[in-house]
Each structure stands twice: as C-alpha cells, then as structure tokens.
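Chain residues, written in single-letter form:
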Amino acid sequence: MARGGKAFKAVAKGMAVVASAAAVIERRRRAAMAADFHETLHPPHPPHPPHPVDPVGQGDPAAAPSVRPLPGPRGAAVPAEAAVVPAGAAAAPVPVTAPPASASAPAPVAAPAAAPLPPHGHFGRPATPAEAVPWGLRVAAESTWRLLLLGAALYVVFYIVDMLRLVAFAVLASLLISALLEPTVSWLRRHGVPRSLAAGGVFMSGLAGIGLVGWFVVWQVTTNLETVTSKVKAGVDQLRDWLITGPLHLTEQQITDFANQITKAISTNSEQITSASITGAQIAVEVLTAVLLAFFTTFFLLYDGERIWNWALRGLPRHSRYAMAGAGPKAWATLTAYVRGTVCVAFIDAVCIGVGIQLLGVPMALPLAVIIFLGAFVPLVGALVTGTVAVLIALVTTTPWTALMVLVVLIAVQQIEGHVLQPLILGRAVRVHPLGVVLGVAAGSIIGGIGGAIVAVPLIAVTNTVVTHLRRRNEAGQAVFTALEAAREAATRPHPPTP
C-alpha cells in the first residue's frame, strides 16, 4: 500500500508539472495571438517619400533640377519623387527614348503601393497553425482518422453479427441455397408454372436431395462401422508392436503406463468432459434451430425474392436507390455463378478422390467421397482438409504405403482444381486472386468458424462485383457530365463572323 501511495503521489506530481507547462504554453500562445491582432488593427505607417525641392524658389521649370526615374530593386522603377538627381551632378548616362512627335504627353506614373502585411502581421509565419503542418502529414492524418472510423464501423457490424450469429448464418446459408435453386424456379415460371407451385416444388426437391445425401452417409457409416472398427483395432495392435520392436524400442511397461496416464487424465477431467458434452448439446440445438430458420428463409426467398429486394431498396436513400438497383442483379448473378461453379468443382473432386480411394482398397469410399464433396464448398483448402480423414482411415485400416498413395491422390486432385477447374469454372464468376481467397477463408474461419470459412469467398466476390459496378457507374456519370459541360461551353462561346 505504501508503494502504491508513493507511486500515486509521483504520478500526481508529474501530472501537475505537465499541467503547469501546458498552462504556460497556452498563456504565451494567447499573448502572441493578442499581439498579432493588435498589429493587424494598427499596422505601422510607411515613411513618406521626400518631396522635390525647388532651389531657385521661382517655380521655373528650366531652373528646377532634372528628375528622372532610376531603376529600383530587381528592375522595379523607383518613383520620380524618390530619385532626384541634380543637373550638375555626375551620373551615368541613362538612355532616354523620346516619344514620337504625334504622341501626347505621358501621364504621370503613380507610386506603387506598399506590399500589404499578412493578417497576422508576420511574413515568416503561416496564418493558421494548420498551414504549418506539412502536406503529406495532413493527408496521412486525414486518411488515418477515416480508416479508424471505417474500422470502428466494421467492428460494430461484426459485433452485431456475432451477437446474432444464429440468424446471420441462417440467412447466409439460405442465400447460398436460394442462389442454387432460383434458376430452376425462374425456368419453371417462364414455362407457365405458377409462382407458388414452382417455389414449393423446387424447395421440396432440394430438401429431399439434402435428406437423401444425409441418409446415404449415415447408412454407409453404420454398414461399414463394424469392419472399420475391427481394422482400427488391428491397426492399433500393429502400432503397438512397432513401438516395441521398432527403432524406438519401448517396453510393455512404458506403453501400459502411458495408457494408464491417458485413462487417469480422462477420469480427472470428467467435469470438463461433462461440460463439453453439455455445450455440445447446446450447439446441436442451435444448429437445429439455424437449419429450420434457413429452410424457412429459403422458401420465402424463392417465392417472393423480388418483392423482398424492392422492399430493401425502399429503405435506402433516394439518391442511392438507382445505383443499388443496378448493382443488386449483378451481385445475385455473381452469387448464382459462384454456387453453381462450386457445386460442379466439389462434385468433380468427390468423384475423383472417391474413385482413387476405392481403387486403393480403403473402406467407406462412398461416405468419404460425400464428406469430401461437402468440404469442397470451402475453396482451395476444404477438400484437402476433409481428405485427411481418408488418409487417417487408410493409415489405421491398411498399410502406410496405401495412406501415402491416398495423400498423393488428394494433392493431385487439388492441383487440378487450383490450375484447371477453378480458372475455367469459377474464373469468370469470382474475379478474386487466389491469395485473396486464402486470406478470406482464413479470416472467415477465425471470425465465424466453419460457417465463416464457407461464406467468406462468396461475400468477397459479391462485394467486389458491387464495388466494380458502382465505380464504373460513377466514371460513366462523370464522362457524361464532362461531355455536357463541354457542349454547353461550345454553345455559349461566340462564333467568329463568317466572311
């Protein structure tokens, strides 16, 4: 406590010193401003120029001294009254050009006015403190506070999305599903099918397709579970034998102690495991709620998407409606093309990897292909991450050589996807550099987990499309404005008379 009191007193003394110094600086600044204001109100009077003197006193022009202008500083002429040269004085001859005979007498030249003082009364100091700051520093400061304001706005947006992550992910998932199913609804409506029937039929078909995929995965896993379990046990026994007879030369007692430590850790952390299971149950409830909300939102987007978009446009300012009305269809076209291309690429990845796994003799090839298909919705890295499950299963159920071959198949398919499938199928829809895709997926996974990784790339693609459309629209509007101004100036400019 005593040390804390001393530290507090030291901080208080330092703050007092700083406050007194600031007060002194403020008093001096105010005194300087008062002096500048006084000089501005009462500027110093310039000295009067000398008057010419008539030595004769009779006013005779012939007897008056000869007066001629002399050059001033930097070629400026000095007034005649300030440059009096007597007639008899020795002076350098100055060439004088006589005016023509027909010209009238030249008018007397007025003396130039003295240079006005700046408002603050000093030539070496700017008028305001802001003018003393370098231009580059002023630009950096202006840009910095705008970037900070933008970052604060993004932080608020992400904070609200995190609070409403259940609703946000449901809406984003419904947008992706609607982008996949909406072209079919539009095709049915163009062929005379009523809107409600077309939306309901396509929605139920999509729901049935998702249900069939889930049922197929569960059926394949339950069918091959006993075989996979027996092979996993055999793989664990082989690993145990390798640890004993291999280069590590472990003993049975060391392996048994390690297994006992794992069992003890599990028993001592039973509370954490129980809380994790409770958290897992809560997550399951949230996921089920999000799925139902996504299905509900998807149906209404398919049924009444145009009216929802028009309603959203009416909430924008009037001068922004026309720009966003043109950007909306382009963004939706980009999202539709992205979802279609992603489904196509994921299907090709799943088929190629599934066929390779089946040929190598790895069990559960079809369920693994379905898992790889779902993981391929995360571009560039999704199929590789989900494919590691196939590598692990191949490692524990077959030989290490087979697992290595499965890894080779995964890498080969990923190379084909990155260099052939992505540019051909998604190149026109998603005009985003691969580095931007990877960074977007990483940022999305950090912010929102798996859901954030899935929606990061389409969000980047849609944002890029909207920004490009608005920039081109502004450039076109500026070009039209420039052309109209040029035409107006040409119309108001007087034409030369025709001969």
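A few points on the structure.

The rules behind the values
All chains use their own residue numbering, which begins from 1 and follows the written sequence. Local features are withheld for residues below a pLDDT of 70 in this predicted model, meaning they are given only at 70 or higher, and side-chain atom pairs are given and counted only at 80 or more; totals for whole chains, interfaces and linings count all residues. Side-chain figures throughout are based on the complete set of non-hydrogen atoms in the structure, without hydrogens or water. With a 1 Å grid spanning the protein atoms alone, the term cavity applies to any set of points in which a 1.4 Å probe fits but cannot get out, the term pocket to an open set with protein on both sides within 12 Å along at least five of seven lines, and the term lining residue to any residue with an atom within 4 Å of a point. Grid points are joined across faces, edges and corners, and a volume is the space filled by probe spheres set on the points. What counts as a helix is a DSSP run of H or I of at least four residues, what counts as a strand is a run of E of at least two, and both are numbered from the N terminus. Each residue is assigned to one of three groups, with Ala, Val, Leu, Ile, Met, Phe, Trp, Tyr, Cys and Pro labelled nonpolar, Asp, Glu, Lys and Arg labelled charged, and all others, Gly among them, labelled polar. In this analysis, axes come from line fits to C-alpha atoms, helices being fitted only over the stretch in contact, and the angle between any two N-to-C directions falls in the range 0 to 180 degrees. Crossings are classed by handedness, with left-handed meaning an anticlockwise turn of the near helix from the far one by less than a right angle and right-handed meaning a clockwise turn. Contacts were defined at the residue level, with two residues in contact if any of their heavy atoms lie within 4.5 Å. We define the nonpolar core as a collection of buried residues of types Ala, Val, Leu, Ile, Met, Phe, Trp, Tyr and Cys that are connected through side-chain atoms lying within 4.5 Å of one another. The classification of residues rests on relative accessible area computed with a 1.4 Å probe and restricted to protein chains. Under 20% of the type maximum is buried, over 50% is exposed, and intermediate values are partly exposed. Patch criteria: residues need more than 30% relative accessible area and no salt bridge. Like-charged residues are merged within 9 Å; nonpolar side chains of Val, Leu, Ile, Met, Phe, Trp and Tyr are merged within 5 Å. Computed with the Shrake-Rupley method and a 1.4 Å probe, the accessible areas treat only the protein chains shown as cover for residues. In the sections that follow, a salt bridge refers to a side-chain nitrogen of Lys or Arg positioned within 4 Å of a carboxyl oxygen of Asp or Glu. In this charge count, Lys and Arg are treated as positive and Asp and Glu as negative; neither His nor the chain ends contribute. All charge positions are set by atom: Lys at NZ, Arg at CZ, Asp at CG, Glu at CD. For a helix, the expected span equals 1.5 Å multiplied by the residue count minus one. In this scheme Phe, Tyr and Trp rings, the latter by its six-membered ring, pair at centre separations within 6.5 Å, and the angle between planes marks the pair as stacked below 30 degrees, edge-to-face above 60, and tilted otherwise. Look at NZ for Lys and CZ for Arg. If either is within 6 Å of the ring centre and within 35 degrees of the ring normal, a charge sits over the ring.

In this section: empty space enclosed by the protein. Applying the stated rule across the entire model yields one cavity of 30 Å³ or more. Considering only enclosed or pocket space, the largest cavity measures out at about 30 Å³ in volume. Lining the largest cavity are Thr342, Val345, Ala376, Pro379, Glu417, Gln422 and Leu426. At three residues, the largest contribution of residues to the lining of the largest cavity is made by helix H10 (residues 400–426).

Within this model, the largest pocket holds a volume of roughly 1,800 Å³. Every residue lining the largest pocket is counted, 47 residues in all, and those nearest its centre are Ala173, Ile177, Val291, Leu374 and Ile454. Contributing elements (two or more residues each) for the lining of the largest pocket: helix H3 (165–190), helix H4 (195–245), helix H6 (270–314), helix H7 (318–359), helix H8 (365–375), helix H9 (382–397) and helix H11 (434–492). When residues in the lining of the largest pocket are grouped by element, the largest group, 10 residues, is from H3. A per-class count over the lining of the largest pocket returns 36 nonpolar, nine polar and two charged. Size it by volume and the second largest pocket reaches roughly 1,400 Å³. Around the second largest pocket, the lining is made up of 37 residues, and of these Leu175, Trp309, Gly328, Trp332 and Leu335 lie nearest the centre. The residue makeup of the lining of the second largest pocket, split by class, is 24 nonpolar, seven polar and six charged.

This paragraph deals with the packing of H7 against H11. Packed helix pairs are specified by the crossing angle of their axes together with the interaxial distance, meaning the distance between the axes. Contact geometry of H7 with H11 gives a least axis separation of 9 Å together with a crossing angle of 145 degrees. The element H7 and its partner H11 pack so that their crossing is right-handed. Facing H7, whose interface residues are Tyr322, Ala323, Gly326, Ala327, Lys330, Ala331, Thr334, Leu335 and Tyr338, H11 presents Ile454, Val457, Pro458, Ala461, Val462, Thr465, Val466, His469, Leu470 and Arg473. A breakdown of the residues in the contact of H7 with H11 according to their chemical character gives 13 nonpolar, four polar and two charged.

So, on to the nonpolar core. Counting 18 residues, the largest nonpolar core has Ile353, Ile357, Val362, Leu368 and Val406 as its most contacted members. Counting residues per element, the ones that place at least two in this core are H7, H8, H9 and H10. It is H9 that contributes the most residues to this core, five residues altogether. Discounting chain neighbours no more than four positions away, the residues touching valine 362 are Ile357, Leu368, Ala390, Ile393, Ala394, Thr402 and Val406. Listed in part, the 16 residues of the second largest apolar core include Ala327, Val441, Val457 and Val462.

A separate point is a positive patch on the surface. A grouping of Lys330, Arg431, Arg471 and Arg472 is seen on the molecular surface, where their side chains present a positively charged patch. Looking at the element boundaries, arginine 431 is found in the loop between H10 and H11. Using a relative accessible area of 63% as the deciding quantity, one classes arginine 431 as exposed.

Moving on to H7. For H7, built from 42 residues, the straight-helix expectation of 62 Å at 1.5 Å per residue is met to within 8% by its first-to-last C-alpha distance of 62 Å. Immediately downstream of H7, the backbone of glycine 361 shows phi near 85 degrees, a positive value.

According to the stated counting rule, one finds eight aromatic pairs in the structure shown. For the pair phenylalanine 373 and phenylalanine 377, a centre-to-centre distance of 5.6 Å together with 80 degrees between the ring planes defines the contact as edge-to-face. Of the residues examined, phenylalanine 377 reaches a relative accessible area of 24% and is grouped as partly exposed. Here the basic side chain of arginine 195 rests over the ring of tyrosine 303, its NZ or CZ set 4.7 Å away from the ring centre.

Together, Tyr155, Val156, Tyr159, Ile160, Met163, Leu164, Leu166, Val167 and Val171 give the surface a local cluster of nonpolar side chains, amounting to about 860 Å² of exposed area. When residues of the nonpolar patch are traced back to their parent elements, those giving at least two are helix H2 (135–163) and H3. Examining the composition of the nonpolar patch, we find that five residues originate from one element, H2, more than from any other.

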